[in-house]
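Structural features, examined
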Amino acid sequence: MGSNAAGAYYHFLEDDKVRLIAVEAAGEGIHSGKSAATSVLGSGIIHGSKTLLMQTADGQIVEPHSISAGLDYPGIGPLHAHLISSGRAQAISITDDEAAKAALLTNRIGRHHSCIGISTCICCLRLFTIQTRRDHCDLFIR
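Residues numbered from 1 in each chain as written. Predicted model: local features only at pLDDT ≥ 70, side-chain atom pairs only at ≥ 80, totals over all residues. Heavy atoms only, no water.

So, on to the overall build of the chain. Helix and strand counts for the chain stand at four helices and four strands. Counting from the amino terminus, the chain carries its helices and strands in the arrangement α-β-β-β-α-β-α-α. Across the 142 residues in the chain, those meeting the buried criterion constitute 37%. The contacts in the chain between residues at least 6 apart in sequence include a share of 50% that link residues at least 24 apart. Carbon and sulfur atoms form 55% of the exposed surface of the chain, whose accessible area is close to 8800 Å². (Helix = DSSP H or I, 4+ residues; strand = E, 2+ residues; numbered from the N terminus. Buried < 20%, exposed > 50% of the residue type's maximum accessible area, 1.4 Å probe, protein only. Contact = heavy atoms within 4.5 Å. Areas by Shrake-Rupley, 256 points an atom, 1.4 Å probe, with all protein chains shown as cover.)

Where strand S2 (residues 43–46) and strand S3 (residues 49–52) come together, four bridges link them in antiparallel fashion. Within S3, the position partnered with Gly44 by the bridge is Thr51. (Pairing = 2+ DSSP bridges.)

For Leu52, the position within the fold is in strand S3. Residue class for Leu52 comes out buried when judged on its relative accessible area of 9%. Along the sequence, Leu52 and Thr38 sit 14 residues apart, while their C-alpha atoms lie 5.9 Å from each other. Non-local contacts of Leu52, meaning those with residues more than four positions away in its chain, are made with Thr38, Ser39, Gly42, Ser43, Pro74, Gly75, Ile76, Ala81, Ile84 and Ser85.

For the chain, the average pLDDT comes to 79, and 74% of its residues sit at 70 or higher. Element-level pLDDT for the chain is lowest in helix H4 (residues 116–131), with a mean of 60, against a maximum mean of 90 in helix H2 (residues 78–85). (pLDDT = per-residue confidence, 0-100.)

Here we take up the side chain of Thr51. When you line up the elements, Thr51 lands in strand S3. A relative accessible area of 5% places Thr51 in the buried class. From its side chain, Thr51 meets the backbone oxygen of Ile76 in a polar contact 2.2 Å long. Every residue in contact with Thr51, bar those within four places of it in the chain, is listed here: Ser43, Gly44, Ile46, Ile76, Gly77, Pro78 and Ala81. (Polar contact = N/O pair within 3.5 Å; in protein donor to acceptor, adjacent residues only side chain to side chain.)

Our next topic: H2. Regarding H2, the residues found buried are His80, Ala81, Leu83 and Ile84. Down the axis of H2, the sector holding all buried residues measures 165°, keeping them to one side. Facing away from the buried side of H2, by more than 90 degrees, are the exposed residues His82 and Ser85. Count one or two residues on from H2 and you reach Gly87, which has phi positive near 90°. (Arc of directions from axis to C-beta.)

A negative phi angle is the norm for most residues apart from glycine, just as the trans form is the norm for most peptide bonds. Notably, His47 is not glycine yet its phi reads approximately 50°, a positive angle. Residue position: His47 is located in the loop between S2 and S3. The exposure class of His47 is exposed, given its relative accessible area of 69%.

Before going further, it helps to spend a moment on the nonpolar core. By size, the foremost hydrophobic cluster in this structure holds nine residues: Tyr9, Leu20, Ala22, Leu52, Ile76, Ala81, Leu83, Ile84 and Ala89. Elements that contribute at least two residues to this core include exactly strand S1 (20–27) and H2. Looking at which element gives the most residues to this core, the answer is H2, with three residues. (Core = buried A, V, L, I, M, F, W, Y, C linked by side-chain atoms within 4.5 Å.)

This is how it looks when you write it as structure tokens:
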């Protein structure tokens, strides 16, 4: 959940027909101690901004974990924090294993190599289509 997602969300913020889904890295599991699932692991202040943040009870930042470079950050930006906290966006956490399996699947089916960050989104789409019993899912990538 970073600036690329914020740019993609921007055009749909006022459109209630569009479901905003934020995908975050859950590492070895949300409550494993090796996660980067910032939306469910707390809130606090980092770099002068109040946001959803991984920290200890006494306010020390917790080291995040993800096999994906760039997804292992202990907090999220204020826009994402607001969208998730207000219920406008839903956060879905994808483990390293789930992301790796999605990467292997896209490599096998599409014959192209996807990075783990993109694979977390592909895994989320697969879970979404299973949960909603849809045989397809409209996809917008910016």
